[in-house]
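Inside the fold
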Amino acid sequence: MTPKSATARACANVALVKYWGKRDPELNLPATGSISLTLAELTATATVARAEAGEPRFRQDGRVVEGTPARRMEEFLDLVATRFGEDPLSVRVVADFPVAAGLASSAAIFAATAAAGAAACGGRIDLVDLSALARRGSGSAARSVFGGFVEWSRGDRDDGADSVATPLQGVGEWDVAMAVAVVNEGKKDVGSRDAMEHVARTSPLYPGWLAAQEDDLSAMRVAIARRDLERAGTIAEENCLRMHATAIAARPPVLYWAPPTLEVIALVRRMRGEGLRGWFTMDAGPQVKVLCAGADLDAVASRLAEIPGVSRVIRARPGPGVAILEGPCPWT
Ligand code: 2P0
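Quick caveat: nothing in here was measured; it's all calculated off a predicted structure.

Digging into the overall build of the chain
For the chain, the helix and strand inventory stands at nine helices and 14 strands. For the chain, the C-alpha radius of gyration of 19 Å lies close to 20 Å, the compact-globule estimate for 332 residues. Judged by the C-alpha coordinates and their principal axes, the chain covers about 60 × 40 × 35 Å. Within the chain, buried positions represent 55% of all 332 residues. Partitioning the intrachain contacts of the chain with sequence separation of at least 6 by distance along the chain shows that 76% fall at a separation of at least 24. Surface exposure of the chain reaches about 13500 Å², of which carbon and sulfur atoms provide 51%. Once the 38 positive and 40 negative side-chain charges of the chain are each reduced to a mean point, those two points are 1 Å apart.

In structure tokens form, the structure reads like this:
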């Protein structure tokens, strides 16, 4: 007999080599690979159950979600149910960080929902396959299935079976951290899905962005294997700026930065000059994440908090992969 419901938790991840552009929007297949760090302090918990007739199928933080996000989640729940031969499913999500503000909430939400969905259906799935399933909800969710440093492969196959995430380095193997400077907790203007499609279609810099990815991926793999923070940080900054340059060059431009974003960038560079080492990265929003040594996290976070436009700083450390909190574990 299958359980009534199951609950799973997943952490968000921040890409050090970014995913920006797709080779197949239907299957969420990326145009290039990407590498990320999963963060313990930014989590989403999903409880999936059989949907009652007429019941809203997606609730987040106690509220019914409507519109495009609801449709996207319903399609994903149907995909999970079809895979495991179950009736329609519903999900309740509790997220512990600002949603849709460039803090990769969709990665944590879809990774947790994929795992809870498999468990609620009493299904069996291994973690690599789970990452392919989570990818269908949101590309970056493929990476949140695993903890620590993770690589999500572009893959070559048309069916996407080889576009999966794999762990590069587990939690506890390298004492790094991220200070997340939240500069605006409001929702962003352009969601990353629409933005990356628009940028790929209209930015004259997009081919250059794609062409540079392979070098960054191989250099980042080496930097992580050698625990070379300066090298990893430098690649992450360059990769982030190249992604944003590509977006800014789109017609019309996609510009995610706010004035405090630039103030944080300037401060990070100043701090490095003073000997406090950190490297910035930004995603589809104005927040700045600063990669640093674990031992420097408090000092870096305190400095970022001094900027008036920074509303708060989240001190984040490498986090674990997806976990089942209630229900049968679908993997061994
Ligand atoms: C990343 N981002 O690698 C990049 C960098 C944002 C900037 O992955 O359309 O929500 O659901 O696959 O995963 C955000 O995009 O997009 C993202 P979909 P997703 O983290």
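Structure's up, so let's keep going.
A look at helix α5 (residues 192-202)
For α5, the complete set of buried residues consists of Ala195, Met196, His198, Val199 and Thr202. All buried residues of α5 project into a common sector of 165° when viewed along the axis, lining one side. Away from its buried face, by an angle of more than 90 degrees, α5 presents the exposed residues Asp194 and Arg201.

Structural notes on the side chain of Thr246
Relative to the assigned elements, Thr246 resides in helix α7 (residues 229-248). A distance of 2.7 Å separates a polar atom in the side chain of Thr246 from the backbone oxygen of Arg242. Leave out the neighbours within four places in its chain, and Thr246 touches Val199, Ser203, Leu205, Tyr206 and Trp209.

With respect to helix α2 (residues 105-120)
With 16 residues, α2 extends 22 Å between its outermost C-alpha atoms, agreeing within 8% with the 22 Å of an ideal straight helix rising 1.5 Å per residue. Count one or two residues on from α2 and you reach Gly122, which has phi positive near 65°.

Some points on the nonpolar core
Formed by 88 residues in total, the largest nonpolar core has its most connected members in Trp20, Met73, Val91, Leu130, Leu133, Met220 and Val322. When residues in this core are grouped by element, the largest group, eleven residues, is from α2. There are two domains that each give this core at least three residues, and those are domain 1 (5-170) and domain 2 (176-316). In contact with Met220, not counting residues within four places along its chain, are Leu16, Val17, Ile35, Ala232, Ile235 and Ala236.

Some points on the site of the ligand
Near the ligand, the surroundings consist of 18 residues, among which Tyr19, Lys22, Ser138, Gly139 and Ser140 are the closest. A distance of 2.7 Å separates an oxygen atom of the ligand from a polar atom in the backbone of Gly139. Taking 460 Å² as the accessible area of the ligand by itself, protein coverage stands at 95%. Counting residues per element, the shell around the ligand draws most heavily on α5, which supplies three residues. Looking at the shell around the ligand residue by residue, the classes come out as six nonpolar, six polar and six charged. Residues lining the shell around the ligand come from more than one domain, with at least three contributed by each of domain 1 (5-170) and domain 2 (176-316).

A short note on the domain arrangement of the chain
When the parts of a complex come together, some accessible area is lost, and that lost area is often used as the size of the interface. Here the chain is partitioned into domain 1 (5-170) and domain 2 (176-316). Centre-to-centre separation of domain 1 and domain 2, based on C-alpha positions: 23 Å. At the interface, 32 residues of domain 1 touch 43 residues of domain 2. At the boundary of domain 1 and domain 2, one finds two salt bridges. The tally of links from domain 1 across to domain 2 stands at ten residue pairs in polar contact (both at pLDDT 80 or more). Of all the secondary-structure elements, those providing two or more residues to the side of domain 1 that touches domain 2 are β1 (5-17), β4 (34-50), β8 (149-152) and β9 (165-169).

Points about unusual backbone geometry
Here Arg251 and Pro252 are connected by a cis peptide whose omega angle stands at -10°. As for its placement among the helices and strands, Pro252 is situated in the loop between α7 and α8 (259-274). A positive phi angle is found at Asn28, which is not glycine, with a value near 55°. For Asn28, the location among the structural elements is in the loop between β2 (22-24) and β3 (29-30). Notably, Asp61 is not glycine yet its phi reads approximately 50°, a positive angle. Within the secondary structure layout, Asp61 lies in the loop between β5 (58-60) and β6 (63-64).

Quick word on the pattern of salt bridges
Going through the model one piece at a time under the given rule, you end up with 18 salt bridges. When the shortest N-O distance is used, the salt bridge between Asp159 and Arg157 registers 2.5 Å. For Arg157, a relative accessible area of 44% translates into the label partly exposed. Between Arg317 and Asp175 there is a salt bridge, and its shortest N-O distance comes to 3.8 Å. Pair noted here: Arg317 is in the loop between β13 (312-316) and β14 (323-326) and Asp175 is in the loop between β9 and β10 (176-182), with a separation of 142 residues, a long-range link. According to the relative accessible area criterion, Arg317 is partly exposed, its value standing at 32%. What emerges from the salt-bridge pattern is a single network uniting Lys18, Asp283 and Lys289.

Basis of the calculations
Residues numbered from 1 in each chain as written. Predicted model: local features only at pLDDT ≥ 70, side-chain atom pairs only at ≥ 80, totals over all residues. Heavy atoms only, no water. Helix = DSSP H or I, 4+ residues; strand = E, 2+ residues; numbered from the N terminus. Rg over C-alpha atoms; globule rule 2.2 N^0.38 Å. Buried < 20%, exposed > 50% of the residue type's maximum accessible area, 1.4 Å probe, protein only. Contact = heavy atoms within 4.5 Å. Areas by Shrake-Rupley, 256 points an atom, 1.4 Å probe, with all protein chains shown as cover. Lys, Arg positive; Asp, Glu negative; His and termini not counted. Charge placed at Lys NZ, Arg CZ, Asp CG, Glu CD. Arc of directions from axis to C-beta. Polar contact = N/O pair within 3.5 Å; in protein donor to acceptor, adjacent residues only side chain to side chain. Expected span 1.5 Å × (residues − 1). Core = buried A, V, L, I, M, F, W, Y, C linked by side-chain atoms within 4.5 Å. Domains from an automatic or database assignment. Near = heavy atom within 4 Å. Nonpolar A, V, L, I, M, F, W, Y, C, P; charged D, E, K, R; others polar. Salt bridge = Lys/Arg side-chain N within 4 Å of Asp/Glu carboxyl O.

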